[in-house]
Amino acid sequence: MNISITSDEVNYLVYRYLLESGFTHTSFALSYEAAIHKVDLKGANVKPGALVNMIQKGLQYLEVETHLTEDGTERRCVVPVTLFGSHTCEIPDDDKTLYKQSSGAISATSLPPAVTLPAPGSHTPPASFAPAVLSFPVNTLTNATQNNAISAAKPTAGKSNAKQPADEASVGQKRERKEDRRAHKVDKRARKDTGQGNQGGSSSTYLHPETFAATTKKGSIITALTSSAYLNTGYPKTPLEIGMQSADVKDETLRQTNFGGDAPATPGPESPAPLSALEITPDCVSMLKGHRSEVFVCSWNPVAPLIATGSGDGTARIWSTVDPIEDTAPLILDHPSLSDQKDVTTLEWHPSGQMLATGTYDGLARIWNIDGTLKLIMQKHAGPIFSLKWNKRGDLLLSGSVDQSAIVWDATTGEARQQFKLHTSPTLDVDWRDNTTFATCSTDKQIFVCQLGTIPPLAHLTGHTDEVNAVKWDPTGKYLASCSDDTTVRIWIVDEDGQGEGQCKWVLKGHHKAIYTLRWSPVVTNDRRTLATASFDSTIRLWDAQKGECLHVLQRHAEAVYSLGFSPNGLFLASGSFDQSLNIWSINDGTLVKTYSGNSEIFEVAWNTSSKKVAACFADNTVVVLHLHQLLGAPQ
């Protein structure tokens, strides 16, 4: 029996399990420390749930080993073998009767009593349960071969080997089916390291970065957030707390463009085009290399031909996108940190294109000039910053952090104008409605609409039953969309003056797993507001937010979709997935029009303002720029 397994292979299986389960930051850390991106696993075909499946097979083998007697017969037991805890065998009464009726079989009185075994992995079966020598290797013990092997190990004579009725399927098989379903369930903790406090014990969330880093263990910026100091920061309930009584639920199973899913579809292409025919050719691809770690975020300058990128190497880089792109050295914006966790987690250009704002894992926000010089450092957050947005006027900057707060900063002085401590768990996303009003969402399942200068929130929106991952206002500011781990999208209406009650207009259902992100189409018409959502179920959905209807279901990705971007002209949607592919979709009919296959997972995609180029950030430290003006017919 030849079995070969390396630590690199085990690390990769664990890495894939973390990704599939939604533990994004934990998978990042493992990937970095184990150098998984450098592991040579060419030709590997690792299916989803591989780690859990292998553990299941190990338990199945242990179950066979445990219940084979010295003569090779199987002792039927109704108690499953579990990963943890002791195992106590119990033989059903009908087995005793069966044995009595079998010629030459063991009598009921001769059956040994129920035996308690130690926990799996630490026990040696007692002599009465010594297994027969099996003629098959461990690594071939699949569902089919296991059943065949058990049958082969039993004596061939006597009625005691009669086939069991179909309704007496083994407990192990039932458990395997259950675990297979569980393996595909996403219990996501993306972009969040749960932490809830200030080590100093102060009621304020302000902590100087040097003090914060000094209170943490090496490599764990979140350690200082595990105190109970922040557990009492929840805002008291207000009359504007919103329930779900007014919401209309849309369980969307109709009007879908189907590329292999199980839902009915509207008439579309008879069969999708083969991916090979849609591949973007190398002459339309530029590769930006220089980052020393994963590239998490990117943002196109709204005026100049520049793109900014942020990475786990603690730098942001500003690249010129004037052809030839690859021959131009970028400006490097270094983000020194006293912590090992120095990821640039978010960045955004000023509306004028003259400044760039960046947020990092150590809780600092910075403003840079377009020439790469540092203008301001803003320090008040006590945890990683996951969202950073300029208001429309460009005089204020809004940040959301794991420290459960959102802060409005003065972009001229760098001072904190107001800190909003409304959530009781990490703040995952923030978005401006106008120059002074914004929304926040959190892992606490809550959404708040706030206004600068006002202490109570304008609205407290409730209804999601799991963590809320993103909030976005539509271009008119009328609708607020939110997406959650509860697999739903909600469309809210909140009065601009904050005097009326906020309402949940639609609850949009259709995704089968957590919804990670969403985007509004920049093109607004009188009869339609188009919203795109991306999920861990590997699909993208286009919705008419005014009617609460699903327009198309886009199904050509093989793994979770993490990023979306509408082209500024509103004609196309770009999507990036952990299946290493970037897809370009037609908004009109939901068809896939172009695709690009990279060498690693994609964290973000973004269009430039002319709809001619799309950038994608990859886990292999690269940024890819696709030149699409000829491929998609965009104007030069």
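Our subject is the structure listed above.
Residues numbered from 1 in each chain as written. Predicted model: local features only at pLDDT ≥ 70, side-chain atom pairs only at ≥ 80, totals over all residues. Heavy atoms only, no water.

1. A look at the overall build of the chain
Check the secondary structure of the chain and you find eight helices and 36 strands. Sequence separation of 24 or more characterises 55% of the internal contacts of the chain that already satisfy a separation of 6 or more. (Helix = DSSP H or I, 4+ residues; strand = E, 2+ residues; numbered from the N terminus. Contact = heavy atoms within 4.5 Å.)

2. Looking at the sheet that holds strand β11 (residues 355-360)
A sheet is described by the order of its strands in space; here four strands give the open sequence β10-β11-β12-β13, paired in antiparallel fashion. The open sheet has two edge strands with one neighbour each: β10 (344-349) and β13 (374-379). Taking the axes of each pair of neighbouring strands and ignoring which way they run, one obtains an average angle of 20° across the sheet. (Pairing = 2+ DSSP bridges. Axes fitted to C-alpha atoms, helices over the stretch in contact; angles between N-to-C directions.)

3. A short note on helix α2 (residues 24-33)
Among all positions of α2, only Thr24, His25, Ser27, Phe28 and Ser31 are buried. Buried residues in α2, looked at end-on, bunch into an arc of 160°, giving them a common side. Close packing links the buried residues of α2 with α1 (7-21), β6 (295-300), β14 (385-390), β30 (561-566) and β34 (602-607). One or two steps after α2, the chain reaches Ala35, where phi turns positive at roughly 50°. (Buried < 20%, exposed > 50% of the residue type's maximum accessible area, 1.4 Å probe, protein only. Arc of directions from axis to C-beta.)

4. Digging into helix α3 (residues 50-67)
If you check α3, its first and last C-alpha atoms are 26 Å apart, about what 18 residues at 1.5 Å a residue would give, namely 26 Å. All buried positions along α3 are accounted for by Ala50, Val52, Gln56, Lys57, Leu59, Gln60, Leu62, Glu63, Val64, Thr66 and His67. (Expected span 1.5 Å × (residues − 1).)

5. Notes on the sheet that holds β30
Ordered by their spatial adjacency, four strands build an open sheet running β30-β31-β32-β33, and the pairing between neighbours is antiparallel. What marks the edges here is a single partner per strand, and that holds for β30 and β33 (592-597). Between one strand and the next, the sheet's axes are offset by a mean angle of 15°, whatever the strand orientation. The pairing of strand β32 (residues 581-586) with β33 spans five bridges and is antiparallel. Bridge pairing links Trp585 to Leu592 in β33.

6. Brief notes about the pairing of strand β8 (residues 315-320)
The buried fraction of β8 is high, at six of six residues. Every second residue of β8 is oriented toward a common face, with Thr315, Arg317 and Trp319 on one face and Ala316, Ile318 and Ser320 on the other, all of them buried. One ladder, built from four bridges, connects β8 with strand β9 (residues 331-334); its direction is antiparallel. When the bridges of β9 are listed, Arg317 appears paired with Ile332.

7. Thoughts on the packing of aromatic side chains
Tallying each qualifying case throughout the model produces 12 aromatic pairs. In this structure an aromatic cluster arises from ring pairing among Phe296, Tyr516, Phe536, Tyr562, Phe578 and Phe603. (Phe/Tyr/Trp six-rings, centres within 6.5 Å; stacked < 30°, edge-to-face > 60°.)

8. A few points about the pattern of salt bridges
Applying the stated rule across the entire model yields nine salt bridges. The residue Lys389 makes a salt bridge to Asp429 at a minimum N-O spacing of 3.7 Å. Residue Lys389 is found in strand β14, and its partner Asp429 is found in strand β18 (residues 427-432); the two are separated by 40 residues along the sequence. For Lys389, a relative accessible area of 14% puts it in the buried group. (Salt bridge = Lys/Arg side-chain N within 4 Å of Asp/Glu carboxyl O.)

9. Some remarks on the packing of α1 against α3
The geometry of α1 relative to α3 is characterised by a closest axis approach of 8 Å and an angle of 115° between their N-to-C directions. Seen from α1, the contacting residues are Leu13, Val14 and Tyr17; seen from α3, they are Ala50, Leu51, Val52 and Met54. A class-by-class count of the residues in the contact of α1 with α3 yields seven nonpolar, no polar and no charged. (Nonpolar A, V, L, I, M, F, W, Y, C, P; charged D, E, K, R; others polar.)

10. Some thoughts on the nonpolar core
Residues Ile318, Leu347 and Leu356 are the most contacted members of the largest nonpolar core, which totals 24 residues. At the level of elements, α1, β6, β7 (306-311), β8 and β10 are the ones that each hand at least two residues to this core. If we ignore the near neighbours within four places in the chain, the residues touching Leu356 are Ala308, Ile318, Leu333, Leu347, Glu348, Trp349, Arg366, Ile367 and Trp368. Counting residues in hydrophobic clusters, the runner-up holds 17 residues, among them Phe572, Tyr596, Phe618 and Leu628. (Core = buried A, V, L, I, M, F, W, Y, C linked by side-chain atoms within 4.5 Å.)

11. As for the pairing of β30
Counting buried positions along β30 yields six of six residues, so the element is predominantly enclosed. Here five bridges tie β30 to strand β31 (residues 572-577), and the two strands are oriented antiparallel to one another. Within the sheet, the bridge partner assigned to Gly565 lies in β31 and is Ala574. Here β30 hands over to β31 after five residues, with Gly570 in that stretch at a positive phi of 75°.

12. Side note on the packing of α1 against α2
Their axes nearest at 8 Å, the elements α1 and α2 cross at an angle of 160°. Regarding the angle of α1 to α2, the classification is roughly antiparallel. As for how α1 packs across α2, the hand of that crossing is left-handed. Between α1 and α2, the residues in contact are Asn11, Val14, Tyr15, Leu18 and Leu19 and Thr26, Ser27, Leu30 and Ser31, respectively. Here the residues of the contact of α1 with α2 sort into five nonpolar, four polar and no charged. (Parallel < 35°, antiparallel > 145°, perpendicular 65-115°, else oblique. Left-handed = near helix turned anticlockwise from the far one by under 90°.)

13. A few points about the environment of Ile385
Mapped onto the elements of the fold, Ile385 is located in strand β14. Among the residues examined, Ile385 registers a relative accessible area of 0% and is labelled buried. Not counting the four nearest positions on each side in its chain, Ile385 is found in contact with Thr345, Thr346, Gly359, Thr360, Gly363, Leu364, Ala365, Ser399, Gly400 and Ser401.

14. Observations regarding a nonpolar patch on the surface
On the surface, Ile55, Leu83 and Phe84 cluster together to form a nonpolar patch covering roughly 310 Å² of accessible area. By secondary structure assignment, the location of Leu83 is in the loop between α3 and β1 (87-88). For Leu83, a relative accessible area of 41% puts it in the partly exposed group. (Patch = residues over 30% accessible without salt bridge, like charges linked within 9 Å, V, L, I, M, F, W, Y side chains within 5 Å. Areas by Shrake-Rupley, 256 points an atom, 1.4 Å probe, with all protein chains shown as cover.)

15. Focus on the environment of Leu396
With respect to the helices and strands, Leu396 occurs in strand β15 (residues 396-401). On the basis of relative accessibility, which here comes to 2%, the residue Leu396 falls in the buried class. C-alpha separation for the pair Leu396 and Thr436, spaced 40 residues apart in sequence, amounts to 8.4 Å. Excluding residues that lie within four positions of it along the chain, Leu396 makes contacts with Lys389, Trp390, Asn391, Val408, Trp409, Asp410, Ala411, Arg417, Trp432, Asn435 and Leu452.

16. A short note on unusual backbone geometry
The backbone of Ser611 shows a phi angle near 65°, a positive value even though the residue is not glycine. As for its placement among the helices and strands, Ser611 is situated in the loop between β34 and β35 (613-618). Not every positive phi belongs to a glycine, and Asn621 is a case in point at roughly 80°. Looking at Asn621, the relative accessible area reads 14%, which means it is buried.

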